Amino acid sequence: MKRRRLAAFITVSFTVVAILLTSQSIISAQKEGGKGDRDTPPPFYNPYPAGILPGDLNSEIARVLREIDLIEGETLVQLQTLPSPTLTGQPPILAHTGQRLNVLLGEAMNFDRNISPFKDRACAFCHMPYAGYSGPIPSVNLTMIGYPGSFQFRAGKRNAQRYPYSPSFPVLNFNETQQAFFGGAFWDSRATGYLLGSPDANQAQGPPVDTQEHMLPDTACIAFRLQSALYKRFFIEVWGDDIDTIKFPHNTEEICETPGGASVFGTDTMPIKLSPADRAISNHVYDHWGQSIDQYETSPDVSAFSSKFDAFLHSPTANPLSADEMAGYNLFRGKANCNSCHLDGRSTAPTPPPPQGNAPNSTDTGAAASTAPLFTCFGSANLGLPLNPRDAIYYQNTPDFFGFTANPFGFAFRDLGLGTFLRSGPGSWASPNDDWTQFAPLNDGRMQTSTARNVAMVPPQCPTTEAPGPYFQKEFFHNGYIKSLKQLVHFYNTRDAFPFPTITSGHCPAGTTEKVDCWPMAEVKNNEDMTIGMLGLTDTEENQIVAFLQTLTDGFTTPFPDINTFTGVCMTGGTAATQGNDFLIPTPPLPPCATAICGVPPLPTMPIP
């Protein structure tokens, strides 16, 4: 009996290894064929002054691509070895393993870098597990902010938002009573979810055709590339075989290996000429692309609820917070006012009666209002962050090899966030609801309130986000201006205690230190959130809040999947308070906000400099 079991185990082991090796060899062949499809790769686009692109960028890109291929290979093995579901019943259900199949399909697509013109960018390139599914390159987080896309070096304009718990955001809607928008996805909430019923699935449809990210010029390129994907049979198993009926023109590959925005396309957003029936199938495939990735991000593989705080909620006695963590938690929901936006779902009525003191100052002994709090209100706010002159987007004001200019406004660009989206303005998407346009002036500068969960997630070998470390350099807020959690909390605490309303980043007066006792003017002063800025927290209290934020990192109760795939180098030295200040650069004299941004009716409530 033992001999038969051993033989069976060896057979299965060899099978899995063979599948993994085969998957990796095919993946490697596909990647090698990426830029090789062209006689000569296009020259790099480098409009940047010295110091914007980090010196290790090429080697770091190569590192992340190797890590992506590793996870992709492992996912393909899991797909190959998963027992097939059984399609049964009315409505038809993929019984037994259908849910896991769809999750793994979404993961395979998330880590597939064939979904880009040069087969060198996957969704995961900007969203790796060990960084809480955010930016995986410390030097990029420190310098250029936006991640370089498939055609190097076009780059995005914002910090890559984290995946975990994003599927919980509702479809974007305007609350008449509160006079506020809630839901959507992306920093500016432009992925409303109005069609798929899921902002997260809608968000997954953005990067493949974003001119700064994957850069495919037509959504039909997804269906075209999926026709030859290693996991195509699993896509068909979940979504049907219509994908194989699409008749693509002979020049489809040539189109799909040309980055979006290229002058050859003009204003044509559907350069692949399909019949109406084939275009409809292609659109359905694109919807299914977003839906499967959403299921991956919804799953415990990504949104795990496995943090120390979750364990504390389950059993405070068995899993107590440390003294500093508990002090930080009490500050989070009290003096620091964090809980007004990053809702923790806890009871505010201590029991048994009578309560000792007034909540939130009294001890909360009530049952948790939510055992799965998401630490967000699903709304948006303008926190008054300074313009960050390191952001690569400001320098992309000249045409690249393909005749595309990402930001013709240069430093006249202002990121109005939700306000630009409501106007269907440049750099955002069209709004699906004209009734919302009137509210644009009240939402200029507002950015989505992300969940605080996993804000501190880092690779195990770099155990913190904070200097002196060893630490993993992250970037925080939409424009990456903040470089540590200590700075983040200090900003909330002192933005209005040390205001310099007429200077820009890089110009703090002698005797002051930027991000310590000097906060430059807000990029957008309109609609600034005044519930923060002068909280009166001590240095110790700030550190205690950081300690609490670290309890929101998943992986405490069960290991977080793929957390060990980081093969880079940790950083050391310095202090969390001044982290990243060595890389500050002076903001040039700013021209007025471009008319195409700030001159679109309805106009901002006051001029934006």
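Residues numbered from 1 in each chain as written. Predicted model: local features only at pLDDT ≥ 70, side-chain atom pairs only at ≥ 80, totals over all residues. Heavy atoms only, no water.

Asks: Which residues make up the side chain of serine 303, and what are the values?
Replies: If you trace the backbone, serine 303 turns up in the loop between α9 (276-298) and α10 (308-314). Here the side chain of serine 303 touches glutamate 297 through a polar contact of 2.7 Å, landing on its backbone oxygen. Not counting residues within four places of it along the chain, the set of residues in contact with serine 303 comprises Pro164, Tyr165, Pro167, Glu297 and Thr298. (Helix = DSSP H or I, 4+ residues; strand = E, 2+ residues; numbered from the N terminus. Polar contact = N/O pair within 3.5 Å; in protein donor to acceptor, adjacent residues only side chain to side chain. Contact = heavy atoms within 4.5 Å.)

Asks: Hey, could you go over the state of the cysteines for me, with residue numbers and the actual values?
Replies: Summed over all chains, the structure comprises four disulfides. Should the bonded cysteines of the protein chain be numbered as they appear in the sequence, the pairing reads 1-2, 3-6, 4-5, 7-8. Between cysteine 123, a cysteine without a disulfide, and cysteine 126, which holds the nearest cysteine sulfur, the sulfur-to-sulfur distance is 8.9 Å. The class for cysteine 123 is buried, based on a relative accessible area of 7%. Left unpaired, cysteine 377 is separated from the closest cysteine sulfur, that of cysteine 341, by 4.7 Å. (Disulfide = S-S within 2.5 Å. Buried < 20%, exposed > 50% of the residue type's maximum accessible area, 1.4 Å probe, protein only.)

Asks: Would you mind going over helix α7 (residues 232-239) in detail, with residue names and values included?
Replies: Residues of α7 that are buried: Phe234, Phe235 and Val238. Each buried residue of α7 lies within a common arc of 105° when the element is viewed along its axis, so the set occupies one face. Immediately beyond the C-terminal end of α7, within one or two residues, lies glycine 240, with a positive phi of roughly 95°. (Arc of directions from axis to C-beta.)

Asks: Outline the packing of aromatic side chains, supporting the account with residue identities and numerical values.
Replies: Taken as a whole, this structure holds 38 aromatic pairs when the rule is applied. Note on phenylalanine 332 and phenylalanine 548: the rings are 5.0 Å apart at their centroids and 55° apart in plane angle, and the pair reads as tilted. Highlighted residues: phenylalanine 332 in helix α11 (residues 323-332) and phenylalanine 548 in helix α14 (residues 539-549), separated in sequence by 216 residues. Phenylalanine 548 matches phenylalanine 332 in its accessibility class, with the two residues each being buried. Put simply, the rings of Phe309, Phe312, Tyr329, Phe332, Phe375 and Phe548 pair up and form one aromatic cluster. (Phe/Tyr/Trp six-rings, centres within 6.5 Å; stacked < 30°, edge-to-face > 60°.)

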